[in-house]
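# Chain and residue survey
One-letter residues, chain by chain:
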Amino acid sequence: MSKLKITAKELRAIGFPESPVIPVAMSVMEKNFKHYTKEEATEILKGVLASPVEYKNDEALGMIAEKLLPKGIEGEAEISLNNTGIQFSIFGAEHIEQGAFHQMYSAAKLPVAVAGALMPDAHHGYGLPIGGVLATSNAVIPYGVGVDIGCRMCLSIFDMDAKELTNRENFFAREINEATLFGSGATFQQPAEHAVMDSEIFQSTPLLKGLQGRAWKQLGSSGSGNHFVEFGEVTITEKDKILNVNPGVYVGLLSHSGSRALGANIANHYTKIAVSKRRLPQEAKNLAWLDLNEAEGIEYWLAMNLAGDYASACHHIIHAKIAKQLGRQPIKMVENHHNFAWKEMHEGQEVIVHRKGATPAGKNVLGIIAGSMTANGFIVRGKGETASVNSASHGAGRKMSRTAAMASITHNALKEELQKHGVKLLGGGLDEAPFAYKNINDVMKPSMIIFSHTGECA
């Protein structure tokens, strides 16, 4: 029997208003009435629409009724943090700044916190630190996911002689510049085509409807900051049963970027809602959460997953354009994302795992951990470690803030460092210079401690 699928268009057709009720209704019906026919489901929805007060206490339909009833006055009291935080693992503590520790200590005291870990590339961020992993009980934290929702690494491995990178340097540089756009406001005059733009989720809320046009114009672009597209050598020393690529030296195309303006707007919108609904102490303000049983939590979850699909589509468009110009298909593509939340099992219970600047590393899950402009990256295979909540680093991690890097690194120093390593830079600022990042080898070989915090860190 096929599962029920309700669209936003169908809900509007029977009279549902342009309000947050639409994504809630879609989720509730598809989860709780998945074996009903479209006609049966429609009749149920018409009943709720006609008299929501009669359904407000219904276990499932009450969530729809709540969004149809007039809003009451909200004013929840401040939520206290727990006196003792959950235990969490710290990997490579000697390489992590104090600001990241403080943020993780606050996250560990949240009433919804279940498990956590701090990766060796961790540094201070907003909400969760970059490199922070937090598992929660039926709650999602927009700033625990981050602003660049679904930011990811994508690697295409081509069976080509790596010497071509030097012999045809201008060709490869041209292909990067023609395949994508860089810069926070960059848009295409002729948008690409991809099925993600036809998602019904874009029509589910006024916010997403308003973002769809710009998202289309940015589809396939790469953003700014530490986002990049690059060619390089991929060296496989032995055949791995999961990666399944023979030993050798190949040409690799690696990209790193996320969901562009779409993700940023979703993050900011739902963080404001979370902060207004759950008033936390100032030090934990940006860790405000949305319950996945409430309308706003359902909306955010749908929007977050849409942004993740959109980010993936951007990479696939770039890689497809370049593969076409190279005249061959990759023998392997490896892709993984961070700045996201997943429903996973942890020690026998379903939790929401936030990985902000951390790579999924479940058993045999492939991923990429990048270095810097001059340092090697790594293709990795997850071990499925409970202590790390099935997570790993996502890169070398910053050891200098962007401001500090701009103030202390010179253009000549950057130029000399790149020449020393045979790197041709097509674009990028001093804030992304190799000196601003930790040693990737230190990040890849961390020691671990288990930490439980009850006070403030000196």
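So, a few notes on the structure that sits alongside this text. (Residues numbered from 1 in each chain as written. Predicted model: local features only at pLDDT ≥ 70, side-chain atom pairs only at ≥ 80, totals over all residues. Heavy atoms only, no water.)

Moving on: the overall build of the protein chain. Helix and strand content of the protein chain: 14 helices and 16 strands. The C-alpha radius of gyration of the protein chain comes to 23 Å, within 12% of the 23 Å expected for a compact globule of 458 residues. Summarising its shape, the C-alpha atoms of the protein chain cover approximately 70 × 55 × 45 Å along the three principal directions. Residues classed as buried in the protein chain amount to 53% of the 458 residues present. Considering only contacts within the protein chain whose residues lie at least 6 apart along the sequence, 74% involve residues at least 24 apart. Of the accessible surface of the protein chain, which amounts to about 21,200 Å², a share of 49% is contributed by carbon and sulfur atoms. (Helix = DSSP H or I, 4+ residues; strand = E, 2+ residues; numbered from the N terminus. Rg over C-alpha atoms; globule rule 2.2 N^0.38 Å. Buried < 20%, exposed > 50% of the residue type's maximum accessible area, 1.4 Å probe, protein only. Contact = heavy atoms within 4.5 Å. Areas by Shrake-Rupley, 256 points an atom, 1.4 Å probe, with all protein chains shown as cover.)

With that settled, consider the sheet that holds strand β9 (residues 332–337). Pairing within the open sheet is antiparallel, and its four strands lie in the order β6-β7-β5-β9. On the outer flanks of this sheet lie β6 (228–236) and β9, each paired with one strand and no other. The average undirected angle you get between the axes of adjacent strands in this sheet is 20°. The sheet strands contacting helix α11 (residues 295–326) are β5 (152–158), β6, β7 (248–257) and β9, and the helix crosses β5 at an angle near 20°. (Pairing = 2+ DSSP bridges. Axes fitted to C-alpha atoms, helices over the stretch in contact; angles between N-to-C directions.)

Next up on the list: helix α9 (residues 206–218). Over its 13 residues, α9 runs 19 Å from end to end, which matches the ideal 18 Å to within 8%, given 1.5 Å per residue. At Gln 212, α9 is deflected by roughly 40°, the largest bend along its length. Within α9, burial applies to Leu 208, Leu 211, Gln 212, Ala 215 and Gln 218. Buried residues along α9 sit in contact with α10 (260–277) and α11. Looking one or two residues beyond α9, the residue adopting positive phi is Gly 220, at roughly 95°. (Expected span 1.5 Å × (residues − 1). Bend = angle between axes of the 7 residues up to and from the residue.)

Under the 1.5 Å per step criterion, the end-to-end length of helix α3 (residues 38–50) is 18 Å for 13 residues, consistent within 8% with the ideal 18 Å. Residues Ala 41, Thr 42, Ile 44, Leu 45 and Val 48 constitute the buried set of α3. Buried residues in α3, looked at end-on, bunch into an arc of 160°, giving them a common side. Pointing more than 90 degrees away from the buried face of α3 are the exposed residues Glu 39, Glu 43 and Ala 50. (Arc of directions from axis to C-beta.)

Evaluation of the coordinates by the stated rule reveals eight aromatic pairs. Pairing Phe 171 with Phe 172 gives two aromatic rings, centres 5.2 Å apart and planes at 80°, and the pair type is edge-to-face. Geometrically, the ring pair formed by Phe 172 and Phe 231 is edge-to-face, given 4.8 Å between the ring centres and 70° between the ring planes. Of this pair, Phe 172 sits in helix α8 (residues 169–179) while Phe 231 is found in strand β6, placing the two residues 59 residues apart along the sequence. In this pair, the class of Phe 172 matches that of Phe 231, namely buried. The rings of Phe 88, Phe 101 and Tyr 105 are connected pair by pair, giving a single aromatic cluster. The ring of Phe 171 has Arg 168 sitting right over it, with the charged end atom 4.1 Å from the ring centre. Directly above the ring of Trp 342 sits Arg 355, whose terminal nitrogen or CZ lies 4.9 Å from the centroid. (Phe/Tyr/Trp six-rings, centres within 6.5 Å; stacked < 30°, edge-to-face > 60°. Lys NZ or Arg CZ within 6 Å of the ring centre and 35° of its normal.)

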